[in-house]
Amino acid sequence: MRLLDSGPCAWGALGSVGSAAPVTLLHEATGNLVVVVVVVVVGLLVAIAAAIASRAVLSRLRGVLQLVRAIRRGSLLRDDLDVDDDAELPRSFAALTRELEHNVQSLAVERDRFDALLQAMGEGVVALDDAGHVVLANAAARTLLALAPDDVFERRLAVLSLLGIIDDAAGGTTAAAEVEVVNGDKLRRVLVRATPKPAVSGRARGGVVLVVHDVTEIRRLETLRRDFVANVSHELRTPCSVILANAETLLSGALDDGPRAQKFVEALHRNAEHLARLIADLLELSKIEAGKVTFVRVPLNLRDAAAHVVEAIEPRARAKDISIVVDVDAALQIEGDPKALDQVLINLIDNAVKYTCAGGHVRVSAQRVDNAVRLWIEDDGPGVEPKHKERLFERFYRVDSGRSRDVGGTGLGLAIVKHLVEAMDGEVGVEDALPHGTRFWVQLRLFAAARRPGSAAVDAVTAISPMSPR
Ligand code: ADP
């Protein structure tokens, strides 16, 4: 019975002894398989995750690359770029470049503004680096220093540096020099001021800035004023000394000498008259120049005006046996100031009579030229040499001072004419009369109502046929 009881147990024991090895092996194999599967799965998962992560990183890097390429191309228009919203790096990059672009644009605007200002300046500006090379020069500097190509410019600056001003400024002292610059047939006086340029980014010297002023007109006016004062003093001194000398002679006994006294008194009268004329002309000229004379603009009949003036001058002409002819179309009307036109005609016709020899001829004529009228006052006197013609309208300029004074001239008549004509928007000039003599011309505006509608400005002066010689 025990044996029977233990049978199955024994059998079981026996059975277990016979199948234990395969079961364990099976278990081990299963375990290994699981491990392998897990490892493979984990490996796969890691590989997939790595692939996904690297794709994401790559895509971000591609985005950055795209931006970098766009920046290199010079296109900073970030809005065109397809930047992943979640990508922090490209977004920061884009923001950075946007900021950069903004700064670059602001700098460009500033630079353009500075450049426009510099180019619009009347003064010339030249910047030299510490080696003396031109790094900047505006248009005025090039014009004032008469420069075309850069090499000439450098040479011009070399001349200035000879004056020492660039060296002085490079050494830290502001310096200035006035030089004459010849440009073709034009001579300019320029004042060049050299200032040390502040050093940038820690460099010991920062170069030199030159500012160039055109002082031609200022110097011309200064000379004119000096000459004018000298001329006025001289012109006043002469009659004054004659008056003084004659008065003294009379006081010292000549008064009682009838015929002699008469001569001295006549000289007194003549010189006092000249003095009065001189002062009147001077006052007239200074009033016109100071803009104190008001000019009206009314229609004026040229023939009437000329005839009226000739009537007043005729007695003096007759005394010299000079004939005056007025050959002006009665329909010609100009636009101008009646007093100014009278003064112009008086001065020119009176000069023609004064400087023409006895028995000579004077002719006043006029012709329409587009929207203007050209008036000629012509004589057959000795004429004016070409070298004097350009200066004839200057104050106190005379071809022959002695002759001018003898005939009662002040040397201011033509200067007054020029001012008056210009105040009426006209022009004046002088040319030779044929076969000899002088021909002054004055061009004034044609009265508006007589103008051709829409006609062009006066430009056909040279096309007029010259007056036939008498
Ligand atoms: P002035 O009072 O001396 O005549 P103007 O200014 O009127 O001064 O003229 C300047 C100079 O021009 C004169 O001194 C004279 O030498 C010259 N001039 C003017 N008109 C004539 C002319 N018709 N013929 C020759 N010379 C003239």
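Remember, predicted model here, so these are calculated numbers, not experimental data.

**Details of the overall build of the protein**
Helix and strand content of the protein: 12 helices and 12 strands. Looking at the protein as a whole, 33% of its 470 residues qualify as buried. Taking the intrachain contacts of the protein between residues at least 6 apart in sequence as the baseline, contacts between residues at least 24 apart amount to 61%. Summed over all atoms, the accessible surface of the protein reaches about 28,500 Å², with 59% contributed by carbon and sulfur.

**Some remarks on the pairing of strand S1 (residues 124-128)**
Across the 5 residues of S1, 5 count as buried, placing the element largely inside the fold. With 5 bridges connecting them, S1 and strand S5 (residues 208-214) associate as antiparallel partners. When the bridges of S5 are listed, Ala127 appears paired with Val209. Bridge count for S1 against strand S2 (residues 134-137) is 3 bridges, and the pairing is antiparallel. Counted as the bridge partner of Leu128 is Val134 from S2. A loop of 5 residues connects S1 with S2, the two strands running antiparallel in sequence, and Gly132 in this loop sits at a positive phi of about 90°.

**Some points on the site of the ligand**
Not every one of the 19 residues close to the ligand is listed here, only the nearest: Asn351, Tyr355, Ser404, Thr410 and Leu414. Contacts to the ligand include Gly413, whose backbone N or O atom sits 3.3 Å from an oxygen atom. For the ligand, whose accessible area on its own is 530 Å², the fraction buried by protein is 96%. Elements supplying a minimum of two residues to the shell around the ligand: helix H9 (338-355), helix H12 (413-423) and strand S12 (438-445). Split by residue class, the shell around the ligand holds 9 nonpolar, 7 polar and 3 charged.

**Overview of helix H8 (residues 302-319)**
Helix length check: H8, at 18 residues, gives a terminal C-alpha distance of 26 Å against a target of 26 Å (1.5 Å per residue), a fit within 8%. At Ile313, H8 shows its maximal kink, close to 50°; a proline, Pro315, follows between one and four residues later. Among the residues of H8, Leu302, Ala305, Ala306, Val309, Val310, Ile313 and Ala317 are the ones counted as buried. Buried residues in H8 make contact with strand S6 (298-301), strand S7 (323-327), strand S8 (333-336), H9, strand S9 (361-369) and strand S10 (372-379). A distance of 3.1 Å separates the backbone nitrogen of Arg303 from a side-chain oxygen at the start of H8, and that oxygen is part of Asn301. Immediately downstream of H8, the backbone of Asp321 shows phi near 60°, a positive value.

**Topic: the sheet that holds S10**
Taken in spatial order, the 5 strands make up an open sheet running S7-S9-S10-S12-S11, and their pairing is mixed. Each end of this open sheet is capped by a strand with a single partner; those strands are S7 and strand S11 (427-432). Recorded for the sheet is a direction-independent mean angle of 15° between the axes of neighbouring strands. Across 7 bridges, the pairing between S10 and S12 is antiparallel. Bridge pairing links Trp376 to Trp441 in S12. The sheet contacts of H9 involve S7, S9, S10 and S12, and relative to S10 the element is tilted by about 25°.

**Some words on the sheet that holds S5**
The sheet built from 5 strands is open, its strands ordered S2-S1-S5-S4-S3 with antiparallel pairing. Either end of the sheet is taken by a strand with one partner, and the two such strands are S2 and strand S3 (175-183). Here the average twist between neighbouring strands, direction ignored, is 25°. By the bridge criterion, 9 bridges tie S3 to strand S4 (residues 186-196) in an arrangement that is antiparallel.

**Section: a nonpolar patch on the surface**
A contiguous nonpolar surface patch, about 450 Å² in accessible area, is contributed by Val36, Val40, Leu44, Ile48 and Ile52. Mapped onto the elements of the fold, Leu44 is located in helix H1 (residues 2-73).

**What to know about the layout of surface pockets**
Looking at the largest pocket, its volume works out to about 900 Å³. As for the largest pocket, its lining consists of 39 residues, of which Asn347, Asn351, Lys354, Tyr355 and Gly409 are closest to the centre. Counting residues per element, the lining of the largest pocket draws most heavily on H9, at 8 residues. Of the residues belonging to the lining of the largest pocket, the class tally is 16 nonpolar, 12 polar and 11 charged. Considered as a void within the structure, the second largest pocket measures approximately 490 Å³ in volume.

**Structural notes on the packing of helix H6 (residues 216-251) against helix H7 (residues 258-289)**
Between H6 and H7, the shortest axis-to-axis distance is 9 Å and the interhelical angle comes to 160°. Our classification of the angle between H6 and H7 gives roughly antiparallel. The crossing of H6 and H7 is left-handed. Across the contact of H6 with H7, the residue classes break down as 19 nonpolar, 4 polar and 2 charged.

Rules used throughout
- In this convention, every chain numbers its residues from 1, walking through the sequence in written order.
- Residues qualify for local features only when their pLDDT is at least 70, as the model is predicted, and side-chain atom pairs are given and counted only at 80 or more; totals for whole chains, interfaces and linings, by contrast, use all residues.
- With hydrogens and water set aside, each side-chain value is computed from the structure's full complement of heavy atoms.
- Only runs of H or I of at least four residues qualify as helices and only runs of E of at least two qualify as strands under DSSP, and these elements are numbered from the N terminus.
- Burial classification: accessible surface area is computed with a 1.4 Å probe over protein chains only, and a residue below 20% of its type maximum counts as buried, one above 50% as exposed, and the rest as partly exposed.
- Residue contacts follow a heavy-atom distance rule, with two residues in contact if any of their heavy atoms lie within 4.5 Å.
- Here the open area of atoms and residues is found with the Shrake-Rupley method and a 1.4 Å probe, where only the protein chains shown may cover a residue.
- When DSSP finds at least two bridges between two strands, those strands are taken to pair.
- Proximity is defined per residue: any heavy atom of the residue falling within 4 Å of a molecule or strand makes that residue near it.
- For the purposes of these results, a polar contact is taken to be a pair of N or O atoms within 3.5 Å, where, inside protein, one atom must be able to donate a hydrogen and its partner to accept one; residues adjacent in sequence count only when each atom of the pair is a side-chain atom.
- Residue polarity follows a fixed list, in which Ala, Val, Leu, Ile, Met, Phe, Trp, Tyr, Cys and Pro are nonpolar, Asp, Glu, Lys and Arg are charged, and the others, Gly among them, are polar.
- A helix is expected to span 1.5 Å for every residue after the first.
- Here the bend at each residue means the angle between axes fitted to two seven-residue stretches, the one ending at that residue and the one beginning there.
- Axis angles are defined between N-to-C directions and span 0 to 180 degrees, where every axis is a line fitted to C-alpha atoms and, for a helix, only to the segment in contact.
- The patch calculation keeps residues exceeding 30% relative accessible area without a salt bridge and links them within 9 Å when they carry like charges or within 5 Å when they are nonpolar (Val, Leu, Ile, Met, Phe, Trp, Tyr).
- Only one rule defines a salt bridge in this text: a Lys or Arg side-chain nitrogen within 4 Å of an Asp or Glu carboxyl oxygen.
- Only protein atoms enter the 1 Å grid, on which a cavity is a set of points fitting a 1.4 Å probe that cannot get out and a pocket is an open set with protein on both sides within 12 Å along at least 5 of 7 lines, lining residues being those with an atom within 4 Å of a point.
- Grid points are joined across faces, edges and corners, and a volume is the space filled by probe spheres set on the points.
- Roughly parallel means an angle under 35 degrees; roughly antiparallel means over 145; roughly perpendicular covers 65 to 115; every other angle is labelled oblique.
- Here is the rule for handedness: rotate from the far helix to the near one, and if that takes an anticlockwise turn smaller than a right angle the crossing is left-handed, while a clockwise turn gives right-handed.

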